[in-house]
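Fold and contact review
Below are the chains, spelled out letter by letter.
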Amino acid sequence: MSTKCENCVIRQYNALRVLNTEDLAEINATKKLQSVSKGDMIFKEGQRLSGIYCVRNGATKLSKITASGRDQIVKIASKGEILGQRSIVCDENANLSATALNDMEVCFIPKSAIKNRIAHNPLFVKELLVNMATELRIADDMIVNLSEKTVKQRLAQALLYLKKQFGEDPLTGDLTLVLSREDLAAAIGTATESCIRLLSDFKKKGYITTQGKNIKILQLDALEELTKDF
């Protein structure tokens, strides 16, 4: 995969796709390709960001510390998504923390390069607004899910999301993105012990099978049925 912004296919997934060759050349001259190891924090909640991060490969959890001190996963970002764009556009500290769920590569683009594009490219501004509106919708949906869905429904939704977004290992059938039980619990807004008990229940019913942290979905229809409101 090309590391030059002008030739990179990753930008087709985000607001950078509307930039012209001149804009991309300037960004390419200032951006830095960074490797991030699994478990490393890309940025921390409350941090003043000096630029944005474009996910080249891998996945990261975006999380926020609740009033009770629990780590709540708000979103899992994957290839092509931009991290930190709202903080740069609004000139605010990061509202979330970003932590690598596996080994990743990200392109760091300095704040000055993004601000220059915002000042001179209305199409880029529109794309940024669309992206942030989409993130707001996702946050709205999450609030509804946490308040209206049972923990069992949220777990089923999470497993289906992991399958749809990241796929399965072609050899084993396991979900490709492996989450710790703590992270899976944080994603559905429950205690780790409750998540483990529900996974055990799903396994007894034949919906899934597990091997260590790995999870394989056996009955897709059953999980989809669980997510429906009754």
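Residues numbered from 1 in each chain as written. Predicted model: local features only at pLDDT ≥ 70, side-chain atom pairs only at ≥ 80, totals over all residues. Heavy atoms only, no water.

**A word on the sheet that holds strand β8 (residues 104-110)**
Paired through their backbone hydrogen bonds, the strands of a sheet run either parallel or antiparallel. Spelled out, the test is: Paired strands, in this sense, are two strands between which DSSP finds at least two bridges. Elements are defined by DSSP. Helices are runs of H or I of four residues or more, strands are runs of E of two residues or more, and each kind is numbered from the N terminus. Two residues qualify as a contact provided that any one of their heavy atoms is within 4.5 Å of a heavy atom in the partner residue. The angle between two axes is taken between their N-to-C directions and runs from 0 to 180 degrees, where each axis is a line fitted to C-alpha atoms and a helix contributes only its stretch in contact.
Overall, antiparallel pairing links the 4 strands, which are arranged β1-β8-β3-β6 in an open sheet. Edge strands, defined here as strands with exactly one partner in the open sheet, are β1 (32-36) and β6 (82-83). Two elements, β1 and β8, share 5 bridges in a ladder whose sense is antiparallel. The residue of β8 that forms the bridge with Lys-32 is Phe-108. Along the sheet, helix α3 (residues 111-120) makes contact with β3 (51-57) and β8, crossing β8 at roughly 60°.

**Examining the pattern of salt bridges**
Selection rule: Salt bridge, as used here: a side-chain nitrogen of Lys or Arg that lies within 4 Å of a carboxyl oxygen of Asp or Glu. Each residue is placed in one exposure class: buried if its accessible area under a 1.4 Å probe, protein chains only, is under 20% of its type's maximum, exposed if it is over 50%, and partly exposed if it falls in between.
For the structure on display, the rule yields 15 salt bridges. Taking the shortest distance from any N to any O, the salt bridge between Asp-91 and Arg-48 comes out at 2.8 Å. In this pair, Asp-91 is assigned in the loop between α2 (85-90) and β7 (97-100) and Arg-48 in the loop between β2 (41-43) and β3, connecting sequence segments 43 residues apart. Residue Asp-91 is classed as partly exposed on the basis of its relative accessible area of 37%.

**Details of the domain arrangement of the chain**
Note the following rule: As used throughout, domain bounds are those supplied by an automatic or database domain assignment. For any pair of parts, buried area is found by adding up, for both, the accessible area (1.4 Å probe) each one loses once the two are put together.
Assigned domains of the chain: these are domain 1 (5-136) and domain 2 (149-227). Using C-alpha coordinates to define each centre, domain 1 is positioned 27 Å away from domain 2. Contact residues are listed per partner, giving 11 residues for domain 1 and 11 residues for domain 2. Here domain 1 meets domain 2 over a buried area of about 870 Å², counting both sides, of which 57% is carbon and sulfur.

**Things to note about the sheet that holds β2**
Strand order in the open sheet formed by 4 strands is β2-β7-β4-β5, with antiparallel pairing between adjacent strands. Where the open sheet ends on each side, the last strands, each with one partner, are β2 and β5 (71-77). Put simply, the sheet's adjacent strands are angled 30° from each other on average, direction ignored. By the bridge criterion, 2 bridges tie β2 to β7 in an arrangement that is antiparallel. When the bridges of β7 are listed, Phe-43 appears paired with Ala-98.

**Observations concerning the packing of aromatic side chains**
Condition: Here a pair means two rings of Phe, Tyr or Trp (six-membered ring of Trp) with centres within 6.5 Å. Their orientation is stacked below 30 degrees between planes, edge-to-face above 60, and tilted elsewhere.
Following the criterion strictly, the structure yields 4 aromatic pairs and no others. Ring pairs connect the aromatic residues Phe-43, Tyr-53 and Phe-108, which therefore count as one cluster.

**A few points about α3**
Each α-helix winds once per 3.6 residues, and so residues spaced three or four apart point in a common direction. How we decide: What the arc describes is the spread of directions from the helix axis to the C-beta atoms.
Buried within α3 are the following residues: Ala-113, Ile-114 and Arg-117. Seen from one end, α3 has its buried residues packed into an arc of 95°, which puts them on one side.

**So, the UniProt feature "domain: HTH crp-type" (unreviewed entry) in the chain**
Test applied: UniProt positions are given in the numbering used here, feature names are shortened, and annotations may be inferred rather than shown by experiment.
According to UniProt, the "domain: HTH crp-type" (unreviewed entry) feature falls on residues 149-221. Taken end to end, residues 149-221 is 53% helix and 11% strand, and its first and last C-alpha atoms sit 18 Å apart.

**A look at the nonpolar core**
Quick note on the threshold: Among the buried residues, those of types Ala, Val, Leu, Ile, Met, Phe, Trp, Tyr and Cys that are joined through side-chain atoms within 4.5 Å form a nonpolar core.
By size, the foremost hydrophobic cluster in this structure holds 30 residues, and its most contacted members are Ile-42, Phe-43 and Leu-83. Within the residue set of this core, elements represented by two or more residues are α1 (21-30), β2, β3, β6, β7, β8, α3 and α4 (122-148). Leaving out residues up to four positions away in the same chain, Phe-43 has contacts with Leu-49, Tyr-53, Leu-83, Gly-84, Ala-94, Leu-96, Ser-97 and Ala-98. Counting 29 residues, the second largest nonpolar core, distinct from the first, contains Leu-159, Ala-186, Leu-199 and Ile-215.

**Looking at the UniProt feature "domain: Cyclic nucleotide-binding" (unreviewed entry) in the chain**
Residues given the UniProt feature "domain: Cyclic nucleotide-binding" (unreviewed entry) here are residues 15-135. Helix makes up 33% of residues 15-135 and strand 34%, with an end-to-end C-alpha separation of 13 Å.

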